[in-house]
Amino acid sequence: MASVKLDNIQKTYPNGFKAIHGVDVDVQDGEFLVLVGPSGCGKSTLLRMIAGLETVTGGELEIGDKVVNDLEPSKRDIAMVFQNYALYPHMTVYNNMAYGLKIMGLSKSEIDERVKNAAGILELTDEQLTRKPRELSGGQRQRVAMGRAIVRKPSVFLFDEPLSNLDAKLRVQMRVEIKRLQESLGITSIYVTHDQVEAMTLGHRLMVLNSGVVEQLGTPIELYERPASLFVAEFIGSPAMNILDTKISEDGESVDIATNIGLALGNGGLPDYAGKKVKLGVRPEHLQLAEGSENSLPLTVTLVEHLGADTLVHGHFGEDETDMTVRRSGTLKTVPGDKLPISITRENIHLFDAETSRRIDL
Ligand SMILES: Nc1ncnc2c1ncn2[C@@H]1O[C@H](COP(=O)(O)OP(=O)(O)O)[C@@H](O)[C@H]1O
Ligand SMILES: [Mg+2]
């Protein structure tokens, strides 16, 4: 097992495009780190640099306290699982898993033991080991790809969107399996996904990437409770956080959430932001129904989604056309055109600088 250390890692492609702008992270031995961000933000580039499939054009990369910038992939003691599985179609499942071990020069009995052991962990039957990849379902193929990584007993697992090709139900099932597997094997893992739910449920820590820059590095709860930027705030959480354009009052003591409705900030307020525009974020699950409260805002309902366990109510406030989503557990009987009184409480708001988009600490 090993730690992975990235020190100011950068990537400029030969065409001059700078895909990674200096990433720092210490992945602990046994940790599960998830790299998450929208398509094209540089996740695969970063992972492929760790794997040795792309050159590192700046900074220092360490695996297990050894600088590996120029070490070839096969010497890095890593195993990678790809989105398209990259299985050999003409080989049996057994041989797909054994192939890398043969190349490593292991004995037949050692190979057999490792393949059988991995098959056991992944619940692949002896009969399935004799099949060709095309004779397996998508989920089984994914297991074979994982098996091929496990048999190598690497120090580090690298995953690049391994579940993207599976249907929704299977994706959830495999997600749970990967989490269980990583916990039981305790192998340092770096996992790339664009899916924030996958990221939140799998990672001990998440690194949110945006155009090759780290927006935030933290535990799922830290990112949910204290997003460092508007980008993270809108990316993490489903449905996404509601964002209102508002301003801080002239005395800096409150935030104006609507005409004549201010929310006291307390703690001395934000004198530096007095009279300035800010973005106010509040999650759909934190908007409350407030019958009879003075500080409530009337939400004009435009659409209602009944999910069973939850109800999502979409609408907007008064003349302000900003779209808002309210999430209520259980069923809520309301229809488009209704006006629902909604309240926003001080402890549930997030404020962001309108210019820099960074979080404003209260
Ligand atoms: N070989 C390459 N040459 C130039 N630009 C590339 C190359 N590969 C990827 N890129 C660019 O680098 C950026 C990051 O790509 P990638 O790491 O694949 O993103 P992600 O995996 O997050 O979707 C994208 O803008 C992509 O177009
Ligand atoms: Mg990618």
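Everything numeric in this text was worked out from a predicted model, so none of it was measured.

1. Looking at the site of ligand 1
Thought 1: In the neighbourhood of ligand 1, the contacting residues comprise Tyr 13, Asn 15, Phe 17, Ala 19, Pro 38, Ser 39, Gly 40, Cys 41, Gly 42, Lys 43, Ser 44 and Thr 45.
Thought 2: Within the side chain of Tyr 13, one N or O atom sits 3.4 Å away from a nitrogen atom of ligand 1.
Thought 3: Taking Ser 44, its side chain carries an N or O atom lying 2.9 Å from an oxygen atom of ligand 1.
Thought 4: Protein contact buries 63% of the 570 Å² of open area that ligand 1 shows by itself.
Thought 5: The element that contributes the greatest number of residues to the shell around ligand 1 is helix H1 (residues 43-51), accounting for 3 residues.
Thought 6: Of the residues belonging to the shell around ligand 1, the class tally is 5 nonpolar, 6 polar and 1 charged.

2. Here we look at the side chain of Ser 343
Thought 1: Inspection of the secondary structure assignment puts Ser 343 in strand E19 (residues 339-343).
Thought 2: Given the relative accessible area of 11%, Ser 343 is considered buried.
Thought 3: If sequence neighbours within four positions are ignored, Ser 343 has contacts with His 286, Leu 287, Gln 288 and Ala 290.

3. As for the pairing of strand E4 (residues 58-63)
Thought 1: The pairing of strand E1 (residues 4-12) with E4 spans 5 bridges and is classified as antiparallel. When the bridges of E4 are listed, Leu 6 appears paired with Leu 61.
Thought 2: Alignment of E4 against strand E5 (residues 66-67), held across 2 bridges, turns out to be antiparallel. Within the sheet, the bridge partner assigned to Glu 62 lies in E5 and is Val 67.
Thought 3: The hairpin turn running from E4 into E5, its antiparallel successor, is 2 residues long, and Gly 64 in that turn takes a positive phi close to 55°.

4. Quick notes on unusual backbone geometry
Thought 1: Residues Ser 238 and Pro 239 are joined by a peptide bond in cis, for which omega reads -5°.
Thought 2: Notably, Glu 161 is not glycine yet its phi reads approximately 45°, a positive angle.
Thought 3: Within the secondary structure, Glu 161 is located in the loop between strand E7 (156-160) and helix H6 (168-185).
Thought 4: Overall, the relative accessible area of 10% leaves Glu 161 in the buried class.
Thought 5: For Asn 267, which is not a glycine, the phi torsion comes out positive at approximately 55°.
Thought 6: If you trace the backbone, Asn 267 turns up in the loop between strand E13 (261-264) and strand E14 (277-282).

5. Let's talk about the sheet that holds strand E2 (residues 18-27)
Thought 1: The strand order across the open sheet built from 4 strands is E2-E1-E4-E5, with neighbouring strands paired in antiparallel fashion. In this open sheet, the two strands that pair with only one neighbour each are E2 and E5.
Thought 2: Sitting on the sheet, H1 touches E1, E2 and E4, and the angle it makes with E1 is about 120°.

Parameters and conventions
Residues numbered from 1 in each chain as written. Chains lettered and ligands numbered in written order. Predicted model: local features only at pLDDT ≥ 70, side-chain atom pairs only at ≥ 80, totals over all residues. Heavy atoms only, no water. Near = heavy atom within 4 Å. Polar contact = N/O pair within 3.5 Å; in protein donor to acceptor, adjacent residues only side chain to side chain. Areas by Shrake-Rupley, 256 points an atom, 1.4 Å probe, with all protein chains shown as cover. Helix = DSSP H or I, 4+ residues; strand = E, 2+ residues; numbered from the N terminus. Nonpolar A, V, L, I, M, F, W, Y, C, P; charged D, E, K, R; others polar. Buried < 20%, exposed > 50% of the residue type's maximum accessible area, 1.4 Å probe, protein only. Contact = heavy atoms within 4.5 Å. Pairing = 2+ DSSP bridges. Axes fitted to C-alpha atoms, helices over the stretch in contact; angles between N-to-C directions.

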